[in-house]
Amino acid sequence: MKKLSFTIVLILLLSLLGSSVTFSQILPNLPRNETLIVDALHGRLANPKDFNFWKPGVSVGNGTQQMLLDGLWYLDPQTGKTINALAQEAPIYDKDFKKMTVKLRKGIYWSDGKPFTADDVVFTVEYLMKNPGMSYSAQFNTYVSKVYKTDDYTVVFELKNPTPAFHHIFTSLVYSTCYIMPKHIFEKVEDPLKFEFNPPVSLGPYVLKDYDPQGYWWLFERRNDWRRTSVGLLYGMPRPKYVLFIYYGPDEKKVIAQTKHELDLIFDLTPEAWEVLRKGNPYSRVWYKDFPWAWMDDVRARIMAMNLEKFPYNNKDVRWALTLAIDIVDVVTSGFGGISRVNPLYMCATQSLLKEYYAPLEDWLKDFALEDGFKPWDPTVPYRIADFAKSKGYKIKGEPREIFGYGWWKYAPDEAEKLLVKNGFKKVGGKWYLPDGKPWKITITAPANFEIHATRLAFAVADQWRKFGIDTTVETVEAGPFWTKWNIGDFDVGSYWAVPATDVYPFLQGFHSKFYKPTGEVATTNQIRWKSKKTDDILDKLVKLQPEDPKAKELVMDFIKVFVEEMPHPITIINLKFSAQDHYYWTNYPSADNPYMAPVWWWGQFKFILPFIRSTGRK
């Protein structure tokens, strides 16, 4: 991968600073001191007028779930605390975990004046159960026997089997959750898979005021009755009157926008772009004040996803060979400037989960061997990344393992070659050929102009595999088709992000074969199409235990081990985020110095941060 030169980037940006960002639609004239401007996660959307979250494939990270939707519970990974939002309190299970009772918060209204009640929750579940193809339909049909209300603010779920963590379906553990539908709207809809829910009725503290039909921006205005929302009842008034989600384009345009104080919150930047921004705008900062700056406790990790229904990725030896052909230290240092934490296991390598899951597995990882006896574990990786950072003049504060992870898989091209030759592959003139004699070509699907680290990773891994002798290219696609490809399995290898953290229980359950969908059909879980009798057995036991049960943790450990043995795809680094904040107009964002909540502008949880930020008084 070609390293971006800081000097070149700086010159490029300085040359662009005098230019302005243009959109196909004129932005509304807004009072800047009352407007928070947020980077749109998904970039430009091909269909910006679709707000039907419950329809698979609809992107809601450009403001819909943050401003308009609401759920029963949210789990903040930064503090570990649960926010009881639409629910008044934690769920109540009976002793055999076949019945769950939910007490709802009173005093909440939809933006059109209708009260939020138990009827909405019951309707949401029954409606999704009756409409196959909608999100959560399969899960509800699997677990729910009956759902009903006992009064306007109490809902009872009767479950087909003991399901101690059923409430996780309604808990925003990471990105989204099963948000509640407005019964009075959807009960009149004939075909929910075509319905766009536009204009959307809001349960959040804002309403949709306007949007760009070309898909570049969405404007939300604070509700006059914000007190009648979960945010208002719990934390008070969201401070900005307006919140504008906008897509400025690639990093250089976002940096320019924040340097000119036209973009308050950036979803993510490359290390080089952050370097330019912090030198160009003294009001900008990210999680840490100094190296490694980035927030590295995100709850997803970058993966080289493989469709396991497709040849040759349906062969475990091939998947392990591709893993061992990656020099992860080179990927981290050349691709990310040494600012990454490696994440080899199917569990996010956050600082807390390193101690909870990685440390107990270290002895097993050291002893783990492939069928030919090769031991792939490499605990030296964090120290080699630290040596690189020191060579660049950075000070490493603390133990390298705690910063860069506990280890990754060895860079072992010789072992990779053995595995491929064993399966009929041939290397001629430095190039690999498939067993049928055709040249081996890999296309990595990656995001175009959003989730830049996924794109960067795709190019870094492509370089590794080309160096190994495989003809590898990267195909970048816009957000809409990118996620469609993911859901229907229209990819060979894809630079996506997955891996559980606080949401381990529902995340793993998605791999049970009863939820399996073949390539071509929409899969809301297990998009890699992995089937395993071993994991089915583990999940059948796990579903009967409370997540806090020590036996449940042992089963999760067993799942992680099976994932290593089968290696459905390589997991590379934990998501890092250079989520730049501009403190010129607004301040008191979450940071390492003030970690009151996770800095997640792109999650539904963002709505709960808004009452905490403060205006600086500048106009």
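Every value quoted in this text rests on a predicted model; they were computed, and no experiment measured them.

> Help me understand the overall build of the protein in this model?
Looking only at helices and strands, the protein has 19 helices and 24 strands in total. The C-alpha atoms of the protein give a radius of gyration of 24 Å, which matches the 25 Å a tight globule of 619 residues would have. With the C-alpha coordinates aligned to their principal axes, the bounding extent of the protein is approximately 70 × 60 × 45 Å. Classification of the 619 residues of the protein by burial places 60% in the buried group. Taking the contacts inside the protein whose residues are at least 6 apart along the sequence as the reference set, 73% of them involve residues at least 24 apart. Entry remark: accessible area of the protein is about 23500 Å², with carbon and sulfur atoms responsible for 50%. Taken as two groups, the 78 positive and 71 negative side-chain charges of the protein have centres that lie 2 Å from each other.

> Can you walk me through the confidence of the model for the protein in this structure?
One rule of thumb: low pLDDT means the predicted coordinates there are not for detailed reading. On average, residues of the protein carry a pLDDT of 92, and 96% of them reach 70 or more. Predicted confidence for residues 1–21 stays below pLDDT 50, and this span has 27 contacts to residues more than four positions away or in other chains.

> Sorry, what's going on with the sheet that holds strand S2 (residues 73–75) here?
Backbone-to-backbone hydrogen bonds pair the strands of a sheet. The strands run either parallel or antiparallel. If you walk across this open sheet you meet the three strands as S3-S2-S8, and the pairing is mixed. Of all the strands in the sheet, the pair left with one neighbour each is strand S3 (82–84) and strand S8 (171–172). Where S2 and S3 come together, three bridges link them in antiparallel fashion. Across the sheet, the residue bridging to Leu75 is Thr82, located in S3.

> I tried to follow empty space enclosed by the protein on my own but got confused; where do I start?
One water molecule sets the probe size; rolling that probe over the atoms shows where empty space is left. Taken as a whole and judged by the stated rule, the model has three cavities of 30 Å³ or more. Taken together, Leu45, Pro48, Asp50, Phe51, Ser59, Asn62, Thr64 and Trp218 make up the lining of the second largest cavity. Classifying every residue of the lining of the second largest cavity by side-chain character gives four nonpolar, three polar and one charged.

> Where do I start with helix H18 (residues 533–542) in this structure?
Because each turn of an α-helix spans 3.6 residues, side chains separated by three or four positions in sequence point in the same direction. Here H18 has its buried residues at Thr535, Asp536, Ile538, Leu539 and Leu542. The buried residues of H18 occupy an angular sector of 165 degrees when the element is viewed end-on, so they sit on one face. Residues Lys533 and Lys541 are exposed on H18 and point more than 90 degrees away from its buried face. As for H18, its buried residues are in contact with helix H17 (504–509) and helix H19 (550–566).

> Explain the pattern of salt bridges here, please?
Oppositely charged side chains may form a pair once their charged atoms are brought near each other. Using the criterion set out here, one finds 30 salt bridges in the structure. In this structure, Glu371 and Lys422 form a salt bridge, with 3.7 Å as the shortest nitrogen-oxygen distance. Taken together, the positions of Glu371 in the loop between helix H11 (351–367) and strand S14 (377–378) and Lys422 in helix H14 (residues 413–422) put the pair 51 residues apart, joining distant regions of the chain. Comparing Glu371 with Lys422 shows no difference in burial state: the two are exposed. Because the salt bridges share partners, they merge into one network encompassing Lys316, Asp317, Glu371 and Lys422.

> Would you take a moment to explain the nonpolar core for this structure?
Looking at soluble globular proteins, one finds that nonpolar side chains tend to be buried together. Core analysis: the largest hydrophobic core is formed by 217 residues, its most contacted members being Phe140, Phe157, Phe166, Phe170, Trp440 and Trp465. Tallying contributions element by element places H19 first for this core, with nine residues. In this structure Phe157 touches Lys98, Lys99, Met100, Val102, Val121, Val125, Lys146, Val147, Phe166 and Phe170, once residues within four positions along its chain are discounted.

> Before we go on, may I ask you to explain the sheet that holds strand S1 (residues 35–39) in this structure?
One open sheet accounts for four strands, arranged S1-S11-S10-S9; its pairing is mixed. Each edge of the sheet is formed by a strand with only one pairing partner; in this case those strands are S1 and strand S9 (206–211). Averaged over neighbouring strand pairs, the angle between their axes works out to 25 degrees when direction is ignored. In the sheet, S1 pairs with strand S11 (residues 242–246) via five bridges, with the strands oriented parallel. Each bridged residue has a counterpart across the sheet, and for Thr35 the counterpart in S11 is Tyr242.

> Quick question: what am I supposed to make of the packing of aromatic side chains here?
The geometry of an aromatic ring pair is captured by the separation of the ring centres together with the interplanar angle, meaning the angle of the planes. Applying the stated criterion to the full structure yields 60 aromatic pairs. Measuring from ring centre to ring centre gives 6.4 Å for Phe245 and Phe606, while their planes differ by 85 degrees; the resulting arrangement is edge-to-face. Placement of Phe245 in strand S11 and of Phe606 in the loop between strand S23 (586–587) and strand S24 (614–615) is noted, with a sequence separation of 361 residues between them. Owing to a relative accessible area of 1%, Phe606 belongs among the buried residues under this scheme. Taking the centre distance of 5.7 Å and the plane angle of 80 degrees together, the rings of Phe291 and Trp293 count as edge-to-face. A relative accessible area of 13% means that Phe291 is categorised as buried. Here the basic side chain of Lys531 rests over the ring of Tyr516, its NZ or CZ set 4.4 Å away from the ring centre. In this structure, Arg618 is placed above the aromatic ring of Tyr584, and the distance from its NZ or CZ to the ring centre is 4.6 Å.

> Explain the layout of surface pockets to me, please; I cannot follow it from the model alone.
By volume, the largest pocket amounts to about 870 Å³. Forming the walls of the largest pocket are 38 residues, and the residues nearest its centre are Leu75, Leu173, Ala501, Thr502 and Glu548. Put simply, the parts of the chain that give the lining of the largest pocket at least two residues each are S2, S3, H11, H17 and H19. When residues in the lining of the largest pocket are grouped by element, the largest group, five residues, is from H11.

> Honestly, the pairing of strand S13 (residues 301–306) in this entry has me stumped. Any pointers?
The two faces of a sheet get side chains in turn, since along a regular strand they alternate between them. Burial of S13 is extensive: six of the six residues sit out of reach of the surface. Of the two faces of S13, the one carrying Ala301, Ile303 and Ala305 and the one carrying Arg302, Met304 and Met306 are both buried. In terms of strand pairing, S13 meets strand S20 (residues 493–498) through six bridges, oriented antiparallel. Paired with Ala305 across the two strands is Gly494, which belongs to S20.

> Help me out: how do you make sense of the side chain of Asp39 in this one?
Here Asp39 shows up in strand S1. Within polar-contact distance, the side chain of Asp39 engages the side chain of Lys254 at 3.1 Å.

> Would you take a moment to explain the packing of helix H10 (residues 328–336) against helix H15 (residues 452–468) for this structure?
Pairs of packed helices are described in terms of their axes, by the angle between the two and the distance that separates them. Contact pair H10 / H15: the axes reach a minimum separation of 10 Å and the direction vectors enclose 130 degrees. The orientation of H10 with respect to H15, classified from their angle, is oblique. Our pair here, H10 against H15, has a crossing hand that is right-handed. Packed against H10, whose contacting residues are Asp330, Val331, Gly335 and Phe336, the element H15 presents His453, Arg456, Leu457, Ala460 and Gln464 at the interface.

Thresholds applied
- Residues numbered from 1 in each chain as written.
- Predicted model: local features only at pLDDT ≥ 70, side-chain atom pairs only at ≥ 80, totals over all residues.
- Heavy atoms only, no water.
- Helix = DSSP H or I, 4+ residues; strand = E, 2+ residues; numbered from the N terminus.
- Rg over C-alpha atoms; globule rule 2.2 N^0.38 Å.
- Buried < 20%, exposed > 50% of the residue type's maximum accessible area, 1.4 Å probe, protein only.
- Contact = heavy atoms within 4.5 Å.
- Areas by Shrake-Rupley, 256 points an atom, 1.4 Å probe, with all protein chains shown as cover.
- Lys, Arg positive; Asp, Glu negative; His and termini not counted.
- Charge placed at Lys NZ, Arg CZ, Asp CG, Glu CD.
- pLDDT = per-residue confidence, 0-100.
- Pairing = 2+ DSSP bridges.
- 1 Å grid on protein atoms, 1.4 Å probe; cavity = no way out; pocket = protein on both sides within 12 Å on 5 of 7 lines; lining within 4 Å.
- Points joined across faces, edges and corners; volume = space filled by probe spheres on them.
- Nonpolar A, V, L, I, M, F, W, Y, C, P; charged D, E, K, R; others polar.
- Arc of directions from axis to C-beta.
- Salt bridge = Lys/Arg side-chain N within 4 Å of Asp/Glu carboxyl O.
- Core = buried A, V, L, I, M, F, W, Y, C linked by side-chain atoms within 4.5 Å.
- Axes fitted to C-alpha atoms, helices over the stretch in contact; angles between N-to-C directions.
- Phe/Tyr/Trp six-rings, centres within 6.5 Å; stacked < 30°, edge-to-face > 60°.
- Lys NZ or Arg CZ within 6 Å of the ring centre and 35° of its normal.
- Polar contact = N/O pair within 3.5 Å; in protein donor to acceptor, adjacent residues only side chain to side chain.
- Parallel < 35°, antiparallel > 145°, perpendicular 65-115°, else oblique.
- Left-handed = near helix turned anticlockwise from the far one by under 90°.

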